[in-house]
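Listed here are the chains, written in short residue letters.
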Amino acid sequence: MGLDVAAELERVIDTPLAELVPTDAERAAAEQLSHQALGTPALARLAQVVAFVGRGRPATQAGNLKPADALALAAQLGLDQPLPARVGSIDDLPDTAHAFRWAAAAEFLEWRGTKILPAARAVELDRDPLAAWLKAAVTLLEHGLLDGFRRGWRKAYVEMLDASVGSLLVSMVQAGGTVALPAIEAAAWEEVAVAYDLHADDQAERAHLVRLIRAIVAQLAYMGMVTQAGDRVVLTDLGRIIAVMADISGGLDDDEVDLIDTDALSLLMVCVEDEKMTSEEARAHVEAWVQGRPDQEAAAELCEAMLEDDDPRLWALGLEAIGRLDPAVAVPTVARLCSHAELGALAADWLTRPPGRVRRSRRR
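Every chain's residues receive numbers from 1 upward, in the order its sequence appears when written. Local features in a predicted model are, by the rule used here, given only for residues with pLDDT of at least 70; side-chain atom pairs are given and counted only at 80 or more, and totals for whole chains, interfaces and linings are based on all residues. Hydrogens and water are ignored here; the side-chain numbers use all heavy atoms of the structure.

> Please clarify how the overall build of the chain should be interpreted in this entry.
Starting at the N terminus, helices and strands are each numbered in turn, a helix being any DSSP run of H or I of at least four residues and a strand any DSSP run of E of at least two. From N to C terminus, the chain includes 19 helices and 6 strands. Burial status follows relative accessibility: with a 1.4 Å probe on protein chains alone, a residue under 20% of its type maximum counts as buried, one over 50% as exposed, and anything between as partly exposed. The buried share of the chain, reckoned over its 364 residues, is 45%. Residue contacts are counted whenever heavy atoms from the two residues lie within 4.5 Å of one another. A sequence separation of at least 24 residues applies to 65% of the contacts in the chain between residues at least 6 apart.

> Sorry if this is basic, but what is going on with the sheet that holds strand β4 (residues 178-180) here?
In a beta sheet, neighbouring strands are held together by backbone hydrogen bonds and run either parallel or antiparallel to one another. At least two bridges found by DSSP between two strands are what make those strands a pair. Pairing is antiparallel across the open sheet formed by 3 strands, whose spatial order is β4-β6-β5. Looking at which strands have only one partner, the edges of the open sheet turn out to be β4 and β5 (226-229). Between one strand axis and the next, the sheet turns by 25° as a mean value, whatever way the strands run. Pairing analysis gives 4 bridges linking β5 to strand β6 (residues 232-235), with the strands arranged antiparallel. Across the sheet, residue V226 finds its bridge partner in β6, namely L235. All axes are obtained by fitting lines to C-alpha atoms, using only the stretch in contact for helices, and the reported angles, taken between N-to-C directions, cover 0 to 180 degrees. Against the sheet, helix α11 (residues 181-195) touches β4, β5 and β6, its axis set at about 70° to β4.

> Help me understand the sheet that holds strand β2 (residues 109-112), please; the structure alone is not making it clear to me.
The strand order across the open sheet built from 3 strands is β1-β3-β2, with neighbouring strands paired in antiparallel fashion. One side of each edge strand has no neighbouring strand; the edge strands of this open sheet are β1 (57-58) and β2. Sheet topology note: the β2/strand β3 (residues 115-118) ladder contains 4 bridges and is antiparallel. Residue R112 lies in a different strand from β3, and its bridge partner there is K115.

> Can you walk me through the pairing of β6 in this structure?
Of the two faces of β6, only the one carrying V233 and L235 is buried; R232 and V234 on the other face are not. Pairing of β4 with β6 involves 3 bridges; the strand directions are antiparallel. Note on β6: the bridge partner recorded for A180 is R232.

> Mind showing me how you'd approach the pattern of salt bridges here?
Any Lys or Arg side-chain nitrogen located within 4 Å of an Asp or Glu carboxyl oxygen qualifies as a salt bridge. Inspection of the entire model under this criterion finds 12 salt bridges. Note that K135 is salt-bridged to E107, the shortest N-O span being 4.0 Å. Of this pair, K135 sits in helix α8 (residues 129-143) while E107 sits in the loop between α6 (94-105) and β2; the two residues are 28 residues apart in sequence, bridging distant segments of the chain. Residue K135 is classed as partly exposed on the basis of its relative accessible area of 23%. Judged by its relative accessible area of 39%, E107 is partly exposed.

> Whenever I open this one, the environment of V270 confuses me. Can you help?
Here V270 shows up in helix α14 (residues 264-273). With 111 residues separating them in the primary sequence, V270 and E159 have C-alpha atoms 9.9 Å apart. Ignoring any residue separated from it by four or fewer positions in sequence, one finds V270 in contact with E159, L259 and M277.

> Help me out: how do you make sense of helix α17 (residues 312-322) in this one?
In an α-helix, one turn spans 3.6 residues; hence positions three or four apart end up facing the same way. Those residues of α17 that fall on the buried side of the exposure criterion are L314, W315, L317, G318, L319, A321 and I322. Elements in contact with the buried residues of α17: α14, α15 (279-291), α16 (295-308), α18 (327-337) and α19 (343-351).

> Would you mind showing me how to read the environment of I184 here?
Position of I184 relative to the elements: it lies in helix α11. I184 gets classed as buried once you look at its relative accessible area, which sits at 10%. In sequence terms I184 and V217 are 33 residues apart; their C-alpha atoms lie 9.8 Å from each other. In contact with I184, not counting residues within four places along its chain, are L168, V179, I213 and V233.

> Help me out: how do you make sense of the side chain of E205 in this one?
By the element assignment, E205 lies in helix α12 (residues 203-223). Setting aside residues no more than four positions away along its own chain, E205 makes contact with K155, Y157, W189 and L198.

> In this structure, what is going on with the nonpolar core? I would like to understand it.
Soluble, globular proteins show a tendency: their nonpolar side chains are buried together. By nonpolar core we mean a set of buried residues, namely Ala, Val, Leu, Ile, Met, Phe, Trp, Tyr and Cys, connected to one another through side-chain atoms within 4.5 Å. Judged by nonpolar contacts, the single largest core of 69 residues is most densely connected at W133, L161, L220 and M225. Dropping the residues within four chain positions of it, L220 is found in contact with L145, V165, L168, L169, M225 and V226. Grouped together as the second largest cluster of nonpolar side chains are 34 residues, A264, L317, I322 and L343 included.

> Just checking my understanding: could you explain unusual backbone geometry for this structure?
In the segment running from Q81 into P82, the intervening peptide bond is cis, with an omega of -5°. Mapping P82 onto the fold places it in the loop between α5 (67-77) and α6. Within the chain, D80 stands out as a residue other than glycine whose phi angle is a positive 55°. For D80, the location among the structural elements is in the loop between α5 and α6.

> How should the packing of α18 against α19 be read in this particular structure?
A pair of packed helices is captured by two measures, namely the crossing angle of their axes and the spacing between those axes. Between α18 and α19, the shortest axis-to-axis distance is 8 Å and the interhelical angle comes to 150°. Viewed along their axes, α18 and α19 adopt a mutual orientation that is roughly antiparallel. Helix-helix and strand crossings are classified by hand; for α18 and α19 the assignment is left-handed. Side by side, α18 and α19 meet where A330, V331, V334, A335 and L337 of the first sit next to L343, G344, A347, W350 and L351 of the second. Taken together, the residues that form the contact of α18 with α19 break down as 9 nonpolar, 1 polar and no charged. We call two directions roughly parallel when the angle between them is under 35 degrees, roughly antiparallel when it is over 145, roughly perpendicular when it lies between 65 and 115, and oblique otherwise. In a left-handed crossing the near helix is turned counterclockwise from the far helix by less than a right angle, and in a right-handed crossing that turn is clockwise. Following the grouping adopted for this structure description, the nonpolar residues are Ala, Val, Leu, Ile, Met, Phe, Trp, Tyr, Cys and Pro, the charged ones are Asp, Glu, Lys and Arg, and the polar ones are all others, Gly among them.

Here it is, written out as structure tokens:
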């Protein structure tokens with residue numbers, strides 16, 4: 001077996017689909033899919049974000065765009081309108097932050113030193129739109145259509161709805177490619193009501209869930225996976241590709257929660273609010289999370305997350321997470337929190353503890 005399997009796989013990944021298939025008919029189908037991918041609003045938006053970054057933009061300590069650039073990007077994309085009078089961080093522009101973090105998570109952008117730059121994969125946006133679309137679609141589905149790249153509190157069952165999207169696409173294939181939107185809403189309500197012990201006649205809660213389901217369908221349409229015809233949701237050819245992937249893998253999410261690539265606020269919120277998660281499991285998630293990024297980045301994100309929330313449990317876990325960093329980074333980070341009206345007492349107490357924090361091997 002003289003074939004270098006790894007090299008062959010790399011070649012396949014880096015070659016546009018239309019160049020891999022053997023017949024003219026298959027090439028035509030592949031080119032049509034690439035054309036459809038290129039025409040999706042989502043891919044156009046991600047390309048705009050990459051074009052805005054251009055040869056590089058200054059990065060914050062947490063790897064975000066600085067406020068002035070975030071505001072300029074929002075204006076260029078036409079998001080978060082009307083623009084707020086004051087922007088302290090990109091999180092003050094939630095739709096813009098979502099687009100930026102999606103582009104980064106899909107590896108179209110990278111944070112290198114003090115700059116945000118286009119990543120190597122960004123060339124696929126022009127060279128191989130279908131490959132770029134697949135990467136963007138799978139990235140969004142893995143992070144969550146509702147919950148991904150967002151900050152702040154959301155309904156407990158949002159994560160459950162996000163995890164069900166792969167199954168929804170598979171069920172649409174099984175139903176012939178089209179499903180009534182009211183049927184999707186009814187099925188989702190039944191599952192959520194049972195899982196979260198909600199009263200079946202709770203109309204207010206059901207109305208909120210319906211809004212979330214419609215937001216999911218709108219996101220799928222934005223990605224080009226579905227279209228809507230009246231109250232019917234119709235699967236597209238692009239949607240069928242993702243449905244097949246979800247069916248083969250048994251779904252796009254495992255039962256085990258993976259929080260390594262999420263933001264610090266989401267990490268801490270899940271760890272303190274998930275009633276099924278033990279304290280040992282929460283600590284393991286925190287350890288894996290801090291191991292997966294540089295100390296300065298982890299400290300900045302954790303500090304920002306604690307300042308955004310008012311839950312003492314979240315504060316305690318955040319300080320414990322900072323305690324796993326190099327003391328040269330951890331101590332000044334916590335010292336900055338001492339001026340906070342409520343969090344300050346916990347921070348001051350943390351600083352009085354004897355040294356014994358974990359020095360860890362860095363994953364590069």
